[in-house]
Amino acid sequence: MRFDRRRTAFRAVLEGDRCVHPASVHDPIAGRIAEDIGFEIGMLAGSVASLAVLGAPDLILLTLSEFAGLATRIGRASELPLMADADHGYGNALNVMRTVEELEMAGIAGLSIEDTELPIAQGVDGAAQLLAVEAGIGKMKAALAGRKDNKLVIAGRTSALAMTGLDDCIARVTAYEKIGVDAIFVVGAKTRDQVDAIADAVSVPLILGGAPKEIRDLDYLSKAGVRICLQGHQPFAAGVDAVRATLTALRNGTDPSNLTGVASADYMRKVTAGDDYEKRIADWL
């Protein structure tokens, strides 16, 4: 199967003894750059996908087909094993099953399904709420049922630590582990004590999101059973600033030859697979 190698590589990260930082990617070029630099895995977040596709904040306005399409385009361009933040699975448990089917066909190596009630309900002052743990369990079961390739990683994700506290978080992650998820994705850990308590409660690998600098020590995280630790999605914001600066300079009269921070022609050729396309033209046209 075409995606076997990248899914095997992704599982090797989870089954290894070291924590890694994934590359936050948002389009095919970003995926190729991350692969060129040597990142072990990539991360396609729902928030970044919403920015890249819609130019809109992370309010669950993106559709499943738009998200899966973006994942397909990134995966087509490189062999970087890609983890997808599938948010709430775009609906109820039945929608979760469909989400897994579509993203598996898109070629991702792993995905997370969370137990947050999304989109944000009317009349709650803009604050997200958690599903009842039973509903979260139903979504995780549906995700596992939707998977056809057992090498595809499915992670149960929760923000309970920040929203309802450590005890509820542990109750949720242990319930999700019990039904067979491959990893636990925890958002909102602020202290090592919290990470240690969660690590003691489960035996599957941990993924952390939104962790502060004090926690993001790879030696510590590796010993604590964390295998993936997100650093945020700064590459997209950096790209926005670079486009703004470049357009501003051009608007203000800077000659294109005097612009700074522009990728060289050689590197652009590399990340667009220019040599490969040139050979194909010579062979086929």
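Our structure is the block above this text.
This part takes up the pattern of salt bridges. Tallied over the full model, the rule gives 18 salt bridges. The partner of Lys270 in a salt bridge is Asp36, with the nearest N and O atoms 2.8 Å apart. In this pair, Lys270 sits in helix H12 (residues 265-271) while Asp36 sits in helix H2 (residues 28-37), placing the two residues 234 residues apart along the sequence. Residues Arg244 and Asp241 are paired through a salt bridge, measuring 3.0 Å at the closest nitrogen-oxygen approach. One end of the pair, Arg244, and the other, Asp241, are both in helix H11 (residues 234-251), 3 residues apart, so they sit about a helical turn from each other. Overall, Arg244 belongs to the partly exposed group, its relative accessible area being 47%. Under the relative-accessibility criterion, Asp241 is labelled partly exposed at 43%. Salt bridges sharing partners connect three or more residues here, namely Arg5, Arg6 and Glu79.

Before going further, it helps to examine the packing of aromatic side chains. Scanning the entire structure with this criterion turns up 1 aromatic pair. Look at Phe67 and Tyr90: their rings are 6.3 Å apart centre to centre, the planes differ by 40 degrees, and that puts the pair in the tilted class. Of this pair, Phe67 sits in helix H4 (residues 64-77) while Tyr90 sits in the loop between strand E3 (82-85) and helix H5 (93-106), and the two are 23 residues apart along the sequence. Neither residue differs from the other here; Phe67 and Tyr90 are each classed as buried. One cation-aromatic arrangement involves Arg157 over Phe185; the distance from NZ or CZ to the ring centre is 4.6 Å. Cation over ring: Arg192 sits above Tyr220, and NZ or CZ is 4.2 Å from the ring centre.

So, how was this worked out
- Residue positions are given per chain, counted from 1 along the sequence in the order it is written.
- With pLDDT at 70 or above as the cut-off, local features in this predicted model cover only qualifying residues; side-chain atom pairs require 80 or more to be listed or tallied, and sums for whole chains, interfaces and linings still use all residues.
- Side-chain descriptors were evaluated using all non-hydrogen atoms of the structure, hydrogens and water having been removed beforehand.
- Should a side-chain nitrogen of Lys or Arg be within 4 Å of a carboxyl oxygen of Asp or Glu, the pair is scored as a salt bridge.
- Each helix corresponds to a stretch of at least 4 residues labelled H or I by DSSP, and each strand to a stretch of at least 2 residues labelled E; elements are numbered beginning at the N terminus.
- Accessibility here uses a 1.4 Å probe with only protein chains present; expressed as a share of the type maximum, an area under 20% marks a residue as buried, one over 50% as exposed, and anything in between as partly exposed.
- Pairing of aromatic rings covers Phe, Tyr and Trp, the last counted by its six-membered ring, and requires centre-to-centre distances within 6.5 Å; plane angles under 30 degrees mean stacked, over 60 mean edge-to-face, and any other angle means tilted.
- Cation placement over rings: the criterion is NZ of Lys or CZ of Arg within 6 Å of the ring centroid and within 35° of the ring normal.

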